[in-house]
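Per-entry structural report
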Amino acid sequence: IAFPSALTNSLSVLLVSDVAESDGNNNERQLAKTIQYTSGFTLFLGIFCFGFFFENGYEAGIFLFNSETAGEYITLLSFICPFFYLTSTLGSILHGLGKTTEFFVFNIGTIILRLVILWFGIPYFGIKGYVFGLMLSQIILTVLILMCLYKKASFNFNLIKWLALPVKCSVCSYILIILYGIIINNLNVNSPNIEFASRSLLYCIPFIITSAKLTKN
């Protein structure tokens, strides 16, 4: 689940200097543009990872760890992906604006909330209680950061656009997977590992192409 965050962490490092420069020059327009694009791209990545882990998490657990339990946990934890990646990049923007105190307070508050939910939730709901606490705290942290950023630079975030992109990619991915299933059935290939690897690759292709176009633009 945390592996794709290597990309968002790299993006976060680059954002700090860019945001600090825009803030130093009082270039609110460029700052708003950076926030919009960064939030959108990270949301796009998060929804892609959610779809991938939710759809292939069970098979991934068996393929990588030879464990059905691991697969169930990966599938369950997939729901935190969009918010987990968003807080990483948006937090870096706050750091670039010099609002480290605000980010620290937000983090401490959501961590305390998470601990409270874990304390009362895990005895009754087990791993589901942990996931709920983690997801709720990440959602609240994301909202708090966005509110803080909006006060600094008013920006218009096209939520429909950034939600529609991963949906389109998912539709294309499933069409490819269905076509692959028809072909593989006709060839009588019975290898779970090959099937999992092929389906994973086919799922990623539309997202990789779309990401390349977004990066280019």
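See above for the structure.
Definitions and limits used
Residues numbered from 1 in each chain as written. Predicted model: local features only at pLDDT ≥ 70, side-chain atom pairs only at ≥ 80, totals over all residues. Heavy atoms only, no water. Helix = DSSP H or I, 4+ residues; strand = E, 2+ residues; numbered from the N terminus. Buried < 20%, exposed > 50% of the residue type's maximum accessible area, 1.4 Å probe, protein only. Contact = heavy atoms within 4.5 Å. Salt bridge = Lys/Arg side-chain N within 4 Å of Asp/Glu carboxyl O. Expected span 1.5 Å × (residues − 1). Bend = angle between axes of the 7 residues up to and from the residue.

1. Details of the side chain of Ser39
- Examined against the element boundaries, Ser39 turns out to sit in helix 2 (residues 28-65).
- On the basis of relative accessibility, which here comes to 4%, the residue Ser39 falls in the buried class.
- The contact partners of Ser39, leaving out residues within four places of it in the chain, are Leu86, Leu90, Leu146 and Phe157.

2. Description of the pattern of salt bridges
- For the coordinates displayed, the defined rule picks out one salt bridge.
- Here Arg199 makes a salt bridge to Glu55, at a shortest N to O gap of 3.3 Å. Of this pair, Arg199 sits in helix 8 (residues 192-216) while Glu55 sits in helix 2, and the two are 144 residues apart along the sequence.
- The exposure class assigned to Arg199 is buried, which follows from its relative accessible area of 16%.

3. Comments concerning helix 5 (residues 100-125)
- In this model helix 5 runs 35 Å from its N-terminal to its C-terminal C-alpha over 26 residues, within 8% of the 38 Å that 1.5 Å per residue would give.
- Along its length, helix 5 shows its largest kink, about 30 degrees, at Trp119, and proline Pro123 lies within four residues downstream of that point.
- Within helix 5, the full set of buried residues consists of Phe103, Phe106, Thr110, Ile117, Leu118 and Gly121.
- Contact partners of the buried residues in helix 5: helix 4 (81-96) and helix 6 (127-152).

4. Thoughts on unusual backbone geometry
- With phi around 55 degrees, Asn66 is a residue other than glycine that occupies positive phi space.
- Tracing the chain through its elements places Asn66 in the loop between helix 2 and helix 3 (68-77).

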